[in-house]
Amino acid sequence: IGFLLMFILFCNGSLKKRHKSFDQRLFHRIIFTVMIMFLIDGLSWVFDQETFNGAILVSNIVNVFLYMIGPITTVLWLSYVDFKIFDDIRGLRNRIVIYSLPVIVNTILSLIQLITPILFTFDPNNSNCYIRLPLSWYTYALPLLYIAYSTILLLNNKKKISKKIFIPLILYMVFPLLGT
């Protein structure tokens, strides 16, 4: 259902002329990454506890992609909020480098996971059961940190943007927090 709703938003945004603005393109990228996240999450459930030959390898690959995409979605959201507040593409391009550093670390950890289990593992004796390892906290904390920083950024700069924009931006963050 989530994927279908995002797909409708994605298609609707593609048909509009205003999709050409920077903030609309950024929002469109957020929708697209959320769609991918829904698909990968669904795949992770499909392969969860499967016992066919290679099931652990497939589950590992699918979950690595899931670990990588969550923080990407939230750094895009932070970029969107940043742009809505400061309306400065050049400044955002400079800040996105800093915003992206934790995501790069997460990507490296996720790629290492393909070689050796550092984030999660699977119990082959218990129907390919998924088990989080101690480093997995990083990937789960990262989106929350981006959402928290986005919220702080919004609250500290709420006088710079209209209520018409501020309220939807704040409310948008409620659902990911409730889901977490």
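Residues numbered from 1 in each chain as written. Predicted model: local features only at pLDDT ≥ 70, side-chain atom pairs only at ≥ 80, totals over all residues. Heavy atoms only, no water.

J.: What is the right way to look at the pairing of strand S1 (residues 120–123) in this model?
T.: Every regular strand shows the same layout, with side chains that alternate between the two sheet faces. Burial along S1 is one-sided: the face carrying Phe-120 and Phe-122 is buried and the face carrying Thr-121 and Asp-123 is not. The sheet contact formed by S1 and strand S2 (residues 129–132) spans four bridges and is antiparallel. From the neighbouring strand, Thr-121 faces S2, where its bridge partner is Ile-131. (Buried < 20%, exposed > 50% of the residue type's maximum accessible area, 1.4 Å probe, protein only. Helix = DSSP H or I, 4+ residues; strand = E, 2+ residues; numbered from the N terminus. Pairing = 2+ DSSP bridges.)

J.: Sorry if this is basic, but what is going on with the side chain of Asn-63 here?
T.: Within the secondary structure layout, Asn-63 lies in helix H3 (residues 55–86). Setting aside residues up to four positions removed in sequence, Asn-63 forms contacts with Ser-44, Phe-120, Phe-122 and Tyr-130. (Contact = heavy atoms within 4.5 Å.)

J.: Would you mind showing me how to read the packing of H3 against helix H5 (residues 136–156) here?
T.: Two quantities define a packed helix pair, namely the angle between the axes and the distance from one axis to the other. Put simply, H3 and H5 touch, their axes get as near as 9 Å, and they point 10° apart. Relative to H5, the element H3 is oriented roughly parallel. Taken together, the residues of H5 that come into contact with H3 (itself represented by Tyr-67, Gly-70, Pro-71, Thr-74, Val-75, Trp-77, Leu-78, Val-81, Asp-82, Ile-85 and Phe-86) are Ser-136, Thr-139, Tyr-140, Leu-142, Pro-143, Tyr-146, Ile-147, Tyr-149, Ser-150, Leu-153 and Leu-154. (Axes fitted to C-alpha atoms, helices over the stretch in contact; angles between N-to-C directions. Parallel < 35°, antiparallel > 145°, perpendicular 65-115°, else oblique.)

J.: What is the right way to look at the side chain of Ser-44 in this model?
T.: Relative to the helices and strands, Ser-44 is located in helix H2 (residues 22–47). A distance of 2.7 Å separates a polar atom in the side chain of Ser-44 from the backbone oxygen of Asp-41. Among all residues touching Ser-44, those that are not within four sequence positions of it are Val-62, Asn-63 and Leu-66. (Polar contact = N/O pair within 3.5 Å; in protein donor to acceptor, adjacent residues only side chain to side chain.)

What is shown is where atoms sit, not what they do.
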